[in-house]
Amino acid sequence: MALYFIPLAVTVLFLVNQLTHSLCAQRDIPEEQQPAVFRTINVLITILLISSYFEVLFT
């Protein structure tokens, strides 16, 4: 199960980071605030992926 989920999670995280970069460029978010935006989104997506993994694992 982890053999399939881990590459999928890495791909999702990579795509979300690309979308976050596009969001920062489109909305003209200052360079000082961009690390906070990336950190917040990455933490939330990681929590979502971990909870999804446990949900799939235990059902």
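Up top is the structure.
What comes next is a walk through the structure.

Analysis parameters
- Going along each chain's sequence as written, the residues are numbered from 1 onward.
- Where local features are concerned, this predicted model is filtered to residues with pLDDT of at least 70; where side-chain atom pairs are given and counted, the filter is 80 or more; whole-chain, interface and lining totals use all residues.
- Side-chain measures here rest on the full set of heavy atoms in the structure, leaving out hydrogens and waters.
- For Phe, Tyr and Trp, rings pair up if their centres lie within 6.5 Å, where Trp contributes its six-membered ring, and each pair is then called stacked (planes under 30 degrees apart), edge-to-face (over 60) or tilted (otherwise).
- Comment: elements are numbered from the N terminus, with helices defined as DSSP H or I runs of at least four residues and strands as E runs of at least two.
- Accessible area is worked out with a 1.4 Å probe on protein chains only. A residue is then buried under 20% of its type maximum, exposed over 50%, and partly exposed in between.
- Multiplying 1.5 Å by the residue count of a helix minus one yields the expected span of that helix.
- Contact definition: two residues touch when any of their heavy atoms are within 4.5 Å.
- We call a set of buried residues a nonpolar core when its members are Ala, Val, Leu, Ile, Met, Phe, Trp, Tyr or Cys and they connect through side-chain atoms within 4.5 Å of each other.

## Thoughts on the packing of aromatic side chains
- Using the criterion set out here, one finds three aromatic pairs in the structure.
- Measuring from centroid to centroid gives 5.1 Å for phenylalanine 5 and tyrosine 53, while their planes differ by 50°, and the two rings are tilted. One end of the pair, phenylalanine 5, is in helix α1 (residues 2–26); the other, tyrosine 53, is in helix α2 (residues 34–57), and 48 residues separate them in sequence.
- Residue phenylalanine 5 is classed as buried on the basis of its relative accessible area of 14%.

## Comments concerning α2
- Along its 24 residues, α2 runs 34 Å from first to last C-alpha, staying within 8% of the 34 Å computed at 1.5 Å per residue.
- Every buried residue of α2 is listed here: Gln34, Ile45 and Leu49.
- In this fold, the buried residues of α2 make contact with α1.

## Here we look at the nonpolar core
- Within the largest apolar cluster, five residues are counted, these being Phe5, Ala9, Val16, Ile45 and Leu49.
- For this core, the secondary structure elements donating two or more residues are α1 and α2.
- Per-element tally for this core: the top contributor is α1, with three residues.

## Observations regarding unusual backbone geometry
- Notably, aspartate 28 is not glycine yet its phi reads approximately 50°, a positive angle.
- Structurally, aspartate 28 can be placed in the loop between α1 and α2.
- A relative accessible area of 65% places aspartate 28 in the exposed class.

## A look at the environment of serine 22
- Summarising the element assignment, serine 22 is placed in helix α1.
- The class for serine 22 is partly exposed, based on a relative accessible area of 42%.
- The spatial distance from the C-alpha of serine 22 to the C-alpha of alanine 9 is 20 Å, given a sequence separation of 13 residues.

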